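This is what each chain is made of:
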Amino acid sequence: EAQVTQNPRYLITVTGKKLTVTCSQNMNHEYMSWYRQDPGLGLRQIYYSMNVEVTDKGDVPEGYKVSRKEKRNFPLILESPSPNQTSLYFCASSTSGRASYEQYFGPGTRLTVT
Amino acid sequence: AQSVAQPEDQVNVAEGNPLTVKCTYSVSGNPYLFWYVQYPNRGLQFLLKYITGDNLVKGSYGFEAEFNKSQTSFHLKKPSALVSDSALYFCAVRPISGGYQKVTFGIGTKLQVIP
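Residues numbered from 1 in each chain as written. Chains lettered and ligands numbered in written order. Predicted model: local features only at pLDDT ≥ 70, side-chain atom pairs only at ≥ 80, totals over all residues. Heavy atoms only, no water.

K.L.:
Quick question: what am I supposed to make of the overall build of chain A here?
P.N.:
Within chain A, the regular secondary structure consists of 0 helices and 11 strands. By the compact-globule yardstick of 13 Å for 114 residues, chain A fits well, its C-alpha radius of gyration being 13 Å. Overall, the C-alpha framework of chain A stretches about 40 × 30 × 25 Å when taken along its three principal axes. Out of the 114 residues belonging to chain A, those deemed buried represent 49%. Considering only residue pairs separated by 6 or more positions, chain A has 53% of its internal contacts joining residues 24 or more positions apart. Summed over its atoms, the accessible surface of chain A is roughly 5300 Å², and 51% of this surface lies on carbon and sulfur atoms. Each charge sign in chain A was given a centre, from 13 positive and 10 negative side chains, and these centres are 5 Å apart. (Helix = DSSP H or I, 4+ residues; strand = E, 2+ residues; numbered from the N terminus. Rg over C-alpha atoms; globule rule 2.2 N^0.38 Å. Buried < 20%, exposed > 50% of the residue type's maximum accessible area, 1.4 Å probe, protein only. Contact = heavy atoms within 4.5 Å. Areas by Shrake-Rupley, 256 points an atom, 1.4 Å probe, with all protein chains shown as cover. Lys, Arg positive; Asp, Glu negative; His and termini not counted. Charge placed at Lys NZ, Arg CZ, Asp CG, Glu CD.)

Now the structure itself:
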């Protein structure tokens, strides 16, 4: 089954404790992306990756890191989480071919930073 | 900078009536445009897209959207609403060309279909 998986689905942590949210897709997609969803703000793009070793900032990259060492994986790293990073996070992937580009989303990771 | 506006936080419509969810966009050059739907406690699902060609595009679950370049709009429509259409709808834009491939979403519109 074609899918995007994220782990963990729920995470409660404390300020400053480094964490990683994993994202994996099995569709051989070139493009992968991370979003955060906050009430009244919709989805905002954190980082995206056009392919292996190619990443770029979205609209809200501060406080986050990403890496793309393999095509299928795109982890989101919070080196020193703060309470304002409490949010619902989504990973997504898509092809980069023409006439495509629709994204497939993971189920989400609800992060609470206390 | 590119942007998407969804001017209505919520749209209420009676079951069986036509529905419209509005979206306008701003992007440098020509756009790819998308609609996604989010059901409670779920991830986003792709509904439909405009890439090129016919301005009226059809998608999943009987939804369609009309691309209007002069008004920079991409409104989502359905001829007859179902209670099961109640969800959060997002419009998104992505530039067609260039190495800059950021995707911008609107803030979402909650659709409530009343039985």
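K.L.:
Please explain the layout of surface pockets as it appears in this structure.
P.N.:
Any space left empty among the atoms is revealed by the rolling of a water-sized probe across them. The volume enclosed by the largest pocket comes to roughly 680 Å³. For the lining of the largest pocket, the secondary structure elements donating two or more residues are β4 (31-38) and β9 (87-94) of chain A together with β10 (87-95) and β12 (109-114) of chain B. Counted by class, the lining of the largest pocket contains 12 nonpolar, 11 polar and 6 charged residues. Approximately 380 Å³ is the volume found for the second largest pocket. Lining the second largest pocket are 19 residues, and of these Val4, Phe105 and Gly106 of chain A together with Leu44 and Gln45 of chain B sit closest to its centre. Of all the elements in the fold, those that place two or more residues in the lining of the second largest pocket are β1 (4-7) and β10 (104-105) of chain A together with β6 (44-50) of chain B. No other element matches the 3 residues that β6 of chain B contributes to the lining of the second largest pocket. (1 Å grid on protein atoms, 1.4 Å probe; cavity = no way out; pocket = protein on both sides within 12 Å on 5 of 7 lines; lining within 4 Å. Points joined across faces, edges and corners; volume = space filled by probe spheres on them. Nonpolar A, V, L, I, M, F, W, Y, C, P; charged D, E, K, R; others polar.)

K.L.:
So what exactly am I meant to see when it comes to the state of the cysteines here?
P.N.:
Under the criterion given, the structure shown has 2 disulfides over all chains. At a sulfur-sulfur separation of 1.8 Å, the disulfide partner of cysteine 23 of chain A is cysteine 91 of chain A. Judged by the sign of its S-S torsion, about -70 degrees, the cystine formed by cysteine 23 of chain A and cysteine 91 of chain A is left-handed. Of this pair, cysteine 23 of chain A sits in strand β3 (residues 19-25) while cysteine 91 of chain A sits in strand β9, placing them 68 residues apart in sequence. Taking relative accessible area as the criterion, cysteine 91 of chain A reaches 0% and is therefore assigned buried. Note on cysteine connectivity: cysteine 23 of chain B is disulfide-linked to cysteine 91 of chain B, with sulfurs 2.0 Å apart. (Disulfide = S-S within 2.5 Å.)

K.L.:
Hey, could you run me through the pattern of salt bridges in this one?
P.N.:
Pairs may arise between side chains of opposite charge once their charged atoms sit close together. Under the definition given, this model contains 10 salt bridges over all chains. Here aspartate 38 of chain A and arginine 44 of chain A are joined by a salt bridge, their closest N and O atoms 2.9 Å apart. Between glutamate 102 of chain A and lysine 49 of chain B there is a salt bridge; the shortest N-O distance is 2.7 Å. Here the residue glutamate 102 of chain A occupies a position in the loop between β9 and β10, and lysine 49 of chain B occupies one in strand β6, the pair thus bridging two chains. Connected through salt bridges with shared partners, the residues Lys18, Lys65 and Glu79 of chain A form a single ionic network. (Salt bridge = Lys/Arg side-chain N within 4 Å of Asp/Glu carboxyl O.)

K.L.:
Help me understand the sheet that holds β1 of chain A in this model?
P.N.:
Neighbouring strands of a sheet are bound in pairs by backbone hydrogen bonds; such pairs are parallel or else antiparallel. All names here are of chain A. Strand order in the open sheet formed by 4 strands is β1-β3-β8-β7, with antiparallel pairing between adjacent strands. Looking at which strands have only one partner, the edges of the open sheet turn out to be β1 and β7 (65-66). Here β1 pairs with β3 via 4 bridges, running antiparallel. Paired with valine 4 across the strands is glutamine 25, a residue of β3. (Pairing = 2+ DSSP bridges.)

K.L.:
I would appreciate a short explanation of the pairing of strand β11 (residues 109-113) of chain A in the present structure.
P.N.:
Working note: regular strand, side chains alternate between the two faces of the sheet. All names here are of chain A. By the alternation rule, side chains of β11 split into Thr109, Leu111 and Val113, which are all buried, and Arg110 and Thr112, of which none is buried. Sheet analysis places strand β2 (residues 10-13) next to β11, joined by 4 bridges and oriented parallel. Its bridge partner being in β11, tyrosine 10 is matched across the sheet by arginine 110. As paired strands, β9 and β11 are joined by 3 bridges and run antiparallel to one another. Along β11, the bridge assignment pairs serine 87 with leucine 111.

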